[in-house]
Amino acid sequence: MPIGKLAKWQILLSEFDIVYITQKAIKGQALVNYLAENLVEGAYEPLKTYFPNEEVSFIGEDITEAYDGWRMFFDGAASFKGVGIGAVLVSEMGQHYLVSAKRKFSCINNMAEYEAYILGLNMAVDMNIQELLVIGNSDLLMHQAQGEWATKNSKILPYLHHVRELRKRFTKIEY
């Protein structure tokens, strides 16, 4: 039970129905949430949405440098509310093609990451892309997909086998 100044503030603010909610991480989660809420149906279309302050929300190494092939960004997130997955393909000319989905089954975050990765790979296969630079925030998935790390998790093994089959459809995949 709060005491002193904290108790006083709690009493004064209680009439306003204020609830404190902790801030969530804003990594690729913002993109996944956007894609999950704005599902694309039919043919793949270039992304025409403007994200305000997009340069402010990026911290890390610069991934905007020129790359002479296609790039794929993907992310997946699982919570008690559901599973959202999404991927964005960026052409050599800078056009963005997005795909997103919600999954209606319970899974762990690593499974959601694999679901998003597979969704993006399937879109790249459908678009007949042969060379691809894959960019994601799952170090585990990246190393497992390249065969550098093994997995004994029975829930992840089917995803890993499927990814290895999909990779055969490309002449070159870099991470």
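Above: the structure in question.
All figures in this text were calculated on a predicted structure; none of them were measured in a lab. (Residues numbered from 1 in each chain as written. Predicted model: local features only at pLDDT ≥ 70, side-chain atom pairs only at ≥ 80, totals over all residues. Heavy atoms only, no water.)

Student: Mind laying out the overall build of the protein chain, listing which residues take part and the relevant values?
Tutor: Counting secondary structure elements, the protein chain contains five helices and five strands. Ordered by position from the N terminus, the helices and strands of the protein chain form the series α-α-β-β-β-α-β-α-α-β. Out of the 175 residues belonging to the protein chain, those deemed buried represent 34%. A separation threshold of at least 6 residues defines the contact pool for the protein chain, and within that pool the share at least 24 residues apart is 65%. By element, 55% of the accessible surface of the protein chain is carried by carbon and sulfur atoms, the whole surface being about 12,100 Å². (Helix = DSSP H or I, 4+ residues; strand = E, 2+ residues; numbered from the N terminus. Buried < 20%, exposed > 50% of the residue type's maximum accessible area, 1.4 Å probe, protein only. Contact = heavy atoms within 4.5 Å. Areas by Shrake-Rupley, 256 points an atom, 1.4 Å probe, with all protein chains shown as cover.)

Student: Describe the pairing of strand 4 (residues 131-135), naming the residues involved and giving the relevant values.
Tutor: In terms of burial, strand 4 is largely enclosed, as four of its five residues are buried. Direction of pairing for strand 1 (residues 70-79) relative to strand 4: parallel, over a ladder of four bridges. Residue pairing across strands places Met-72 opposite Val-134, the latter belonging to strand 4. Looking at chain direction, strand 4 and strand 5 (residues 172-174) are connected through three bridges and run parallel. Paired with Leu-132 across the strands is Ile-173, a residue of strand 5. (Pairing = 2+ DSSP bridges.)

Student: Describe helix 3 (residues 109-126), listing the residues and the values that go with them.
Tutor: Helix length check: helix 3, at 18 residues, gives a terminal C-alpha distance of 26 Å against a target of 26 Å (1.5 Å per residue), a fit within 8%. Burial analysis of helix 3 places 14 of its 18 residues in the buried class, which makes it a mostly covered element. At the exit of helix 3 stands Asn-128, carrying a positive phi of roughly 60 degrees. (Expected span 1.5 Å × (residues − 1).)

Student: Pulling in residues and values, what's your account of the pattern of salt bridges?
Tutor: Per the counting criterion, the structure on display carries three salt bridges. Measuring nitrogen to oxygen at the nearest pair gives 2.8 Å for the salt bridge that ties Arg-103 to Glu-115. Placement of Arg-103 in strand 3 (residues 96-103) and of Glu-115 in helix 3 is noted, with a sequence separation of twelve residues between them. The salt bridge involving Lys-172 is made with Glu-174; its shortest N-O contact spans 3.7 Å. Using a relative accessible area of 37% as the deciding quantity, one classes Lys-172 as partly exposed. (Salt bridge = Lys/Arg side-chain N within 4 Å of Asp/Glu carboxyl O.)

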